[in-house]
There are 2 protein chains.
Amino acid sequence: MRSEDLAKLLGLSRSTISRVINNYPDIPQATRDKVWKAIEEHNYAPNASARKLAGVKNKMIAIILLDIKEDEEPHHVKATEDHLIHDNPFFSPIINAVSDQANKMDYYVLISIAYSKKDLKKVQSLFYQKLIDGAIFVGTQEAENELIFNLIEQKHYIAMIDTSEAYNTKHNAIYLNVDNYEGSVKAVSYLLELGHTSIGIITGNINKLSAIERLAGYKATLMQHGIEMRKDATYHGDFTENSGYEGIKYILSGPNPPTAIFVSNDTMVIGAYKAISELGLRVPEDISIIGFDNSFFSSYLNPSLTTIDISFTDLAKRATKLLIESIEQEQQRGIIEKVNATLVIRDSCKVMNREDKTK
Amino acid sequence: MRSEDLAKLLGLSRSTISRVINNYPDIPQATRDKVWKAIEEHNYAPNASARKLAGVKNKMIAIILLDIKEDEEPHHVKATEDHLIHDNPFFSPIINAVSDQANKMDYYVLISIAYSKKDLKKVQSLFYQKLIDGAIFVGTQEAENELIFNLIEQKHYIAMIDTSEAYNTKHNAIYLNVDNYEGSVKAVSYLLELGHTSIGIITGNINKLSAIERLAGYKATLMQHGIEMRKDATYHGDFTENSGYEGIKYILSGPNPPTAIFVSNDTMVIGAYKAISELGLRVPEDISIIGFDNSFFSSYLNPSLTTIDISFTDLAKRATKLLIESIEQEQQRGIIEKVNATLVIRDSCKVMNREDKTK
DNA sequence: CTGAAAGCGCTTACAG
DNA sequence: CTGAAAGCGCTTACAG
């Protein structure tokens, strides 16, 4: 069914059909009703390609998940031979939130997962083919910057989630990031409130901004309370389960172990719990543990993990909203926003009482 | 950049540009090279809408996640005020696998999550607008059937994952389902092999095909071994965490509790573990537990859960492959396939030794 | 081998 | 208020 057919059926012209569909004024209610009725009846919908070609907006954005393995593996990602990345705790909430927000604003969402430079070329071509009006990139690394910055310079609308915003001043794009610093301040402050004064840390991969910021928040909070970082309670991990395991073995082997440990992400906590159990110790009775990320599994750990939630849902929604607004206004925008990190209290940290402290 | 511009630049006609892009024969290698070089240089890509309008296929499919709450809540789904469904363990692996398979076959993927009848109308319109060539529906329920069957009759290409295939004989669509029966046969057989002879069950919501089939496999396997189902070791749950909790309390309160329990999905195991812990018992020393689904969290439970894996990845890949093949051949196909369920052995079931048995 | 032209199904000034 | 016509950027018979 084409608009032509519908027009003939009703004794009208295509122009009129088009006008009622596009809500032009100056059309008598009677024709309006007649047309809409026929549209419903015949399941007519204007051909999307024809509309687009005639100048109407697509209303389509893409969400691009990057998992490109040139150097090291990104955060939390374990790939199988098949390149599946859904183990990434960001995956579901981000896609879900983008989809919902876009839907709410009447946009379609194309999903694309890029594992290689070649896949990235395809992403680029989404813009050149004018298939999409804009895109949200998740998890870009240094190596992808050039391609993305090119796109931005070519006046395409782009939002980036969880990417260093170092370049923002030069680029008209939307950057949404986690407030890692604030998150670790909250984590360490909580431990201090519980009465812990000896707090160790297992850091993430210190090449990553997130690891650096989380460490900085830890350090600053301790200093503010007149506590110094202890070398023997600090382990440089890399965000993997195994480094959490090693970290615990290292830190708890000392003569005077801390009473609490800030583990820089939840994935490392899995290894940490294993090591603690092997040492015959218990969480939180013998050692308090706090994580970071509020990964999907953290409430299923035993004991359930007190951690820092960084609402990827919120991040994704805001990115989507800002991107679509920017598209609708036909104006590129340079925006940096940080999303709050919040403490999620569960069962892995205990209150210190006097005996514990003096012990 | 339009093909016209490129043509002028090269002193050729649009026809020729189009012919090299679409790989027509009878074009001298020299012109081919010249054109491709210019295409690369100028980031030219044919406008997708124009191509589509001129008759070239879209190469776009949609993945439709249904979560419509007219009667009861679907399987495993907890919705927040925001309608997010990403807690569903199917979510990530299915989207990821569809995306990867489609990408491999050079198709784009549109994602749509439908929470209401109204959303479903939008999905319908994806077809009418000719935005997509076909779609994969996940988790449809009775109420959505009419709309989907209409689409099928209108010669649209459709695949359905995890839906009753009862209607297949009437409809030319691709149905991919889990072999629930085989899965529970495997679960119960494994318990029998370990030496358990007294095996309880917590069923799922018995209105659902999956719950019925899982129960049937359990019953049949016991019968085959000359064991009868015990009323006092059977609890009718509903796939929720809470019903797992209640089920354990009920079954283990009897005078002669079973040594193992088949819990019809992993979500209920979370509740079951809680109840067992409250009763002061331990898994698997005091009671063996086997689940179903191999949900993302099952390896993080403590002890890690022995369960049945139903590879949604495989399911989704096959559905995608079949759908796209059907689109390419321009022929609707009626296909039903069941995907294997496999046993994943972890730490929640113990071997029965003689003392246990005679006890 | 390659160009001119029709046609895909819309939207939107332009007339009336 | 509404129709006829141009135009969006391609592809593809049709000629040559």
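Quantities reported herein were computed from a predicted structural model and do not represent experimental measurements.

**Re unusual backbone geometry**
Alright, step 1. In the segment running from asparagine 302 of chain A into proline 303 of chain A, the intervening peptide bond is cis, with an omega of 0°.
Alright, step 2. Inspection of the secondary structure puts proline 303 of chain A in the loop between strand E9 (288–290) and strand E10 (307–309).
Alright, step 3. Residue proline 284 of chain B follows valine 283 of chain B across a cis peptide bond; omega there is 0°.
Alright, step 4. Relative to the helices and strands, proline 284 of chain B resides in the loop between helix H11 (266–278) and strand E9 (288–290).
Alright, step 5. The phi dihedral of lysine 59 of chain A is positive, around 60°, even though this residue is not glycine.
Alright, step 6. Backbone geometry places aspartate 293 of chain B, a non-glycine residue, at a positive phi of 120°.
Alright, step 7. Positionally, aspartate 293 of chain B belongs in the loop between E9 and strand E10 (307–309).

**Points about the protein's contact with DNA strand C**
Alright, step 1. Every one of the 25 residues lining DNA strand C counts as a neighbour, but Arg14 and Ser18 of chain A together with Ser13, Thr16 and Arg19 of chain B are closest to it.
Alright, step 2. When the atoms of DNA strand C within 4 Å of the protein are sorted by group, sugar and phosphate make up 63%.
Alright, step 3. Within the contact set of DNA strand C, a phosphate oxygen lies 2.6 Å away from a side-chain nitrogen or oxygen of serine 13 of chain B.
Alright, step 4. Serine 15 of chain B is positioned such that a nitrogen or oxygen atom in its side chain is 2.8 Å from a base nitrogen of DNA strand C.
Alright, step 5. For the surface near DNA strand C, the element with the most residues is helix H2 (residues 14–21) of chain A, which contributes four residues.
Alright, step 6. Broken down by class, the residue content of the surface near DNA strand C amounts to ten nonpolar, nine polar and six charged.

**Quick word on the protein's contact with DNA strand D**
Alright, step 1. With respect to spatial proximity, 25 residues lie near DNA strand D, and among them Ser13, Thr16 and Arg19 of chain A together with Arg14 and Ser18 of chain B are the closest.
Alright, step 2. Considering the 4 Å shell around the protein, atoms of DNA strand D inside it are sugar or phosphate in 62% of instances.
Alright, step 3. At 2.6 Å, a side-chain N or O of serine 13 of chain A approaches a phosphate oxygen of DNA strand D.
Alright, step 4. Every element with two or more residues in the surface near DNA strand D is listed here: H2 of chain A together with helix H2 (14–21) and helix H4 (48–53) of chain B.
Alright, step 5. A per-element tally of the surface near DNA strand D places H2 of chain B first, with four residues.
Alright, step 6. The residue makeup of the surface near DNA strand D, split by class, is ten nonpolar, nine polar and six charged.

**Side note on the interface of chain A and chain B**
Alright, step 1. Contact residues are listed per partner, giving 49 residues for chain A and 49 residues for chain B.
Alright, step 2. Taken together, both faces of the contact between chain A and chain B bury some 4500 Å²; the carbon and sulfur share is 57%.
Alright, step 3. On the chain A side of the interface with chain B, the three residues burying the most area are Asn96, Tyr108 and Tyr300 of chain A, jointly 14% of the side's total.
Alright, step 4. Run the count over chain A and chain B and you get two salt bridges.
Alright, step 5. Lysine 122 of chain A serves as the salt-bridge partner of aspartate 106 of chain B, at 3.3 Å between the closest nitrogen and oxygen.
Alright, step 6. Where chain A meets chain B, there are 17 residue pairs in polar contact (both at pLDDT 80 or more).
Alright, step 7. If you list the elements that add at least two residues to the side of chain A that touches chain B, you get helix H4 (48–53), helix H5 (91–104), strand E2 (108–114), helix H6 (117–128) and helix H12 (312–328) of chain A.

**What to know about helix H8 (residues 180–193) of chain A**
All names here are of chain A.
Alright, step 1. Over its 14 residues, H8 runs 20 Å from end to end, which matches the ideal 20 Å to within 8%, given 1.5 Å per residue.
Alright, step 2. Of all the residues in H8, the buried ones are Asn180, Gly183, Ser184, Ala187, Val188, Tyr190, Leu191 and Leu192.
Alright, step 3. Of the residues trailing H8, glycine 195 is marked for its positive phi of about 105°.

**Let's talk about the environment of threonine 306 of chain B**
Residues and elements named next belong to chain B.
Alright, step 1. Its place among the elements puts threonine 306 in the loop between E9 and E10.
Alright, step 2. Judged by relative accessible area, threonine 306 falls into the buried class, the value being 0%.
Alright, step 3. Separated by 41 residues in the primary sequence, threonine 306 and aspartate 347 have C-alpha atoms spaced 6.1 Å apart.
Alright, step 4. In this structure threonine 306 touches Tyr190, Ile289, Ile290, Gly291, Leu343, Val344, Ile345, Arg346, Asp347, Ser348 and Cys349, once residues within four positions along its chain are discounted.

**Comments concerning the sheet that holds strand E7 (residues 234–236) of chain B**
The strands making up a sheet associate through hydrogen bonds between their backbones, and the pairing can be parallel or antiparallel.
All names here are of chain B.
Alright, step 1. Across the sheet, four strands lie side by side as E7-E6-E8-E9; this open sheet has parallel pairing. Sheet topology places E7 and E9 at the edges, where each strand pairs with a single neighbour. With strand direction ignored, the average angle separating the axes of adjacent strands in the sheet is 15°.
Alright, step 2. The pairing of strand E6 (residues 199–203) with E7 spans three bridges and is classified as parallel. Counted as the bridge partner of isoleucine 202 is tyrosine 235 from E7.
Alright, step 3. Contacting E6, E7 and strand E8 (260–263), helix H9 (residues 209–224) runs over the sheet at an angle of about 165° to E6.
Alright, step 4. On the sheet, H11 packs against E6, E8 and E9 and is oriented at approximately 165° with respect to E9.

**Concerning the relation of the copies chain A and chain B**
Alright, step 1. The two copies are related by a screw motion: chain A maps onto chain B through a turn of 180° and a shift of 0.1 Å along the axis, at an RMSD of 0.1 Å. Between the two chains, the operation in question is that of a two-fold axis.
Alright, step 2. Here 100% of the interface residues in chain A have copies in chain B that are interface residues too; the copies meet face to matching face.

**Considering the packing of aromatic side chains**
All names here are of chain A.
Alright, step 1. Considering all chains together, one arrives at six aromatic pairs over all chains under this definition.
Alright, step 2. An angle of 45° between the planes, with centres 5.8 Å apart, marks the rings of tyrosine 235 and tyrosine 250 as tilted. Separated by 15 residues along the polypeptide, tyrosine 235 in strand E7 (residues 234–236) and tyrosine 250 in helix H10 (residues 241–252) bring together distant segments of the chain.
Alright, step 3. For the ring pair phenylalanine 262 and phenylalanine 292, a centre distance of 6.4 Å and an interplane angle of 55° mean the geometry is tilted. Taken together, the residues phenylalanine 262 in strand E8 (residues 260–263) and phenylalanine 292 in the loop between E9 and E10 connect sequence positions 30 residues apart.

**Things to note about the domain arrangement of chain A**
The parts lose accessible area when they come together, and the size of an interface is often stated as this lost area.
Alright, step 1. What the domain assignment reports for chain A is domain 1 (3–53), domain 2 (60–179 + 312–328) and domain 3 (180–309 + 344–358).
Alright, step 2. Each of domain 1 of chain A and domain 3 of chain A has a C-alpha centre, and these two points are 63 Å apart.

**Overview of the nonpolar core**
Alright, step 1. In this structure, Ile61 of chain A together with Ile61 of chain B are the most contacted members of the largest nonpolar core, which totals 106 residues.
Alright, step 2. Of all hydrophobic cores here, the second largest spans 52 residues; its members include Ala45, Phe127, Ile158 and Met160 of chain B.

Cut-offs and rules
Per chain, residue numbering runs from 1 following the sequence as it is written. Key to labels: chains lettered from A, ligands numbered from 1, both in the order written. Local features in this predicted model are restricted to residues whose pLDDT is 70 or higher, and side-chain atom pairs enter the listing and the counts only when it is 80 or higher, whereas totals over whole chains, interfaces and linings include all residues. Excluding hydrogens and water, the side-chain figures rest on all heavy atoms present in the structure. A helix here means a DSSP run of H or I that spans at least four residues, while a strand means a run of E at least two residues long, and both kinds are numbered starting from the N terminus. Residues are labelled near a given molecule or strand when at least one of their non-hydrogen atoms is within 4 Å of it. Any N or O atom pair separated by 3.5 Å or less is treated as a polar contact, with the protein-specific requirement of one donor-capable and one acceptor-capable atom, and with residues adjacent in sequence counted only for side-chain atom pairs. Any residue that is not Ala, Val, Leu, Ile, Met, Phe, Trp, Tyr, Cys, Pro, Asp, Glu, Lys or Arg is counted as polar, Gly included; the first ten are nonpolar and the last four charged. A contact between two residues is defined here by any heavy atoms of the two lying within 4.5 Å. Two parts placed together each lose some accessible area under a 1.4 Å probe, and the buried area is that loss summed for both. We count a salt bridge whenever a side-chain nitrogen from Lys or Arg sits within 4 Å of a carboxyl oxygen from Asp or Glu. In this analysis, the expected span of each helix is defined as 1.5 Å times one less than the number of residues it contains. Only protein chains enter the accessibility calculation, which uses a 1.4 Å probe; a residue is then buried when its area is under 20% of its type maximum, exposed when over 50%, and partly exposed in between. Being paired, for any two strands, means DSSP has found at least two bridges between them. Here the axes come from fitting lines to C-alpha atoms, over the contacting stretch only for helices, and the angles between their N-to-C directions go from 0 to 180 degrees. Residues below a pLDDT of 70 in either copy are left out; the C-alpha atoms of the rest, at least 70 in both, set the least-squares superposition of the copies. Between rings of Phe, Tyr and Trp, where Trp is taken as its six-membered ring, a pair exists when centres lie within 6.5 Å; planes separated by under 30 degrees are stacked, by over 60 edge-to-face, and by other angles tilted. In this entry, domain limits derive from an automatic or database-based domain assignment. What we call a nonpolar core is a set of buried Ala, Val, Leu, Ile, Met, Phe, Trp, Tyr and Cys residues that are connected through their side-chain atoms within 4.5 Å.

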